Every structure is written in structure tokens, then in C-alpha cells.
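Observations on the three-dimensional arrangement
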Amino acid sequence: MALQEEFHNYYEKLVVADLQHRFSDQAELHPLFADIACVALNHLPPRYIHYDIDMAYYLSPEEKKEMDDKVQHAVNLAVDFVATKNRED
């Protein structure tokens, strides 16, 4: 296994889960999900981890809520940005 496969940005999973949960019924956005995720992730601080289970032990409930709020805000901005750019093209 390559070293870069042993760690990842925890926000990636949160962003994807948020997109799929909140926008799954908006089929017109589905082809844009990857672009939306990239834009959202560029607005979030990196949070690299080795194992997802580590986050369960090291995050307080307040920190988890703060991360979830940041993700929702970043995804909202990204949806607006990407959807607007897509309409302009």
C-alpha cells in the first residue's frame, strides 16, 4: 500500500455525506457533486487522520458539531458557486 493511501482529510467524508444527504433529491446537482466537493473542501481547514476511528475518540461533541456546521456552510457556498458557474457556461 502506498503511503498516501494511509491517511486522508477527514473533511472529505463529511462533505460527501452532507452532499448526499441534503442534495440527493436534486438530480441536476449530481453531475456537479465532485466539483462542489472540491470547492467546499477548499474552504475548510485540512484535518488529516490515519484512521477514522481516531476522530471518535479525540473529538468532543462540541468540536464535532462545529465541524458539521462548517461543512454545511462550505457546501452551501460551494453549491451556489458551482451552480451559478454551470448556468453561465
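A brief report on the enclosed structure follows. (Residues numbered from 1 in each chain as written. Predicted model: local features only at pLDDT ≥ 70, side-chain atom pairs only at ≥ 80, totals over all residues. Heavy atoms only, no water.)

1. Some words on helix H2 (residues 33-42)
- Burial in H2 covers these residues: Phe33, Ile36, Ala37, Val39 and Ala40. One face of H2 carries all of its buried residues, which in axial projection span an arc of 165 degrees. Exposed side chains of H2 directed beyond 90 degrees from the buried face belong to Ala34 and Asn42.
- Lining the buried residues of H2 we find helix H1 (10-23) and helix H4 (61-88). (Buried < 20%, exposed > 50% of the residue type's maximum accessible area, 1.4 Å probe, protein only. Helix = DSSP H or I, 4+ residues; strand = E, 2+ residues; numbered from the N terminus. Arc of directions from axis to C-beta. Contact = heavy atoms within 4.5 Å.)

2. Details of the pattern of salt bridges
- In the structure shown here, the tally under the stated rule is five salt bridges.
- Its salt-bridge partner being Lys64, residue Asp68 comes within 2.9 Å of it at the nearest N-O pair. Remark: Lys64 and Asp68 occur in helix H4; sequence separation between them is four residues, near one turn of the helix.
- A relative accessible area of 30% means that Asp68 is categorised as partly exposed. (Salt bridge = Lys/Arg side-chain N within 4 Å of Asp/Glu carboxyl O.)

3. Structural notes on the packing of H1 against H4
- It is the contact of H1 with H4, at a shortest axis distance of 10 Å, that shows an interaxial angle of 60 degrees. Of the two possible hands of crossing, H1 and H4 adopt the one that is right-handed. On H4, the residues touching Tyr10, Tyr11, Leu14, Val15, Asp18, Leu19, Arg22 and Phe23 of H1 are Lys64, Met67, Asp68, Lys70, Val71, Gln72, Val75, Asn76 and Val79.
- Grouping the constituent residues of the contact of H1 with H4 by class yields 10 nonpolar, two polar and five charged. (Axes fitted to C-alpha atoms, helices over the stretch in contact; angles between N-to-C directions. Left-handed = near helix turned anticlockwise from the far one by under 90°. Nonpolar A, V, L, I, M, F, W, Y, C, P; charged D, E, K, R; others polar.)

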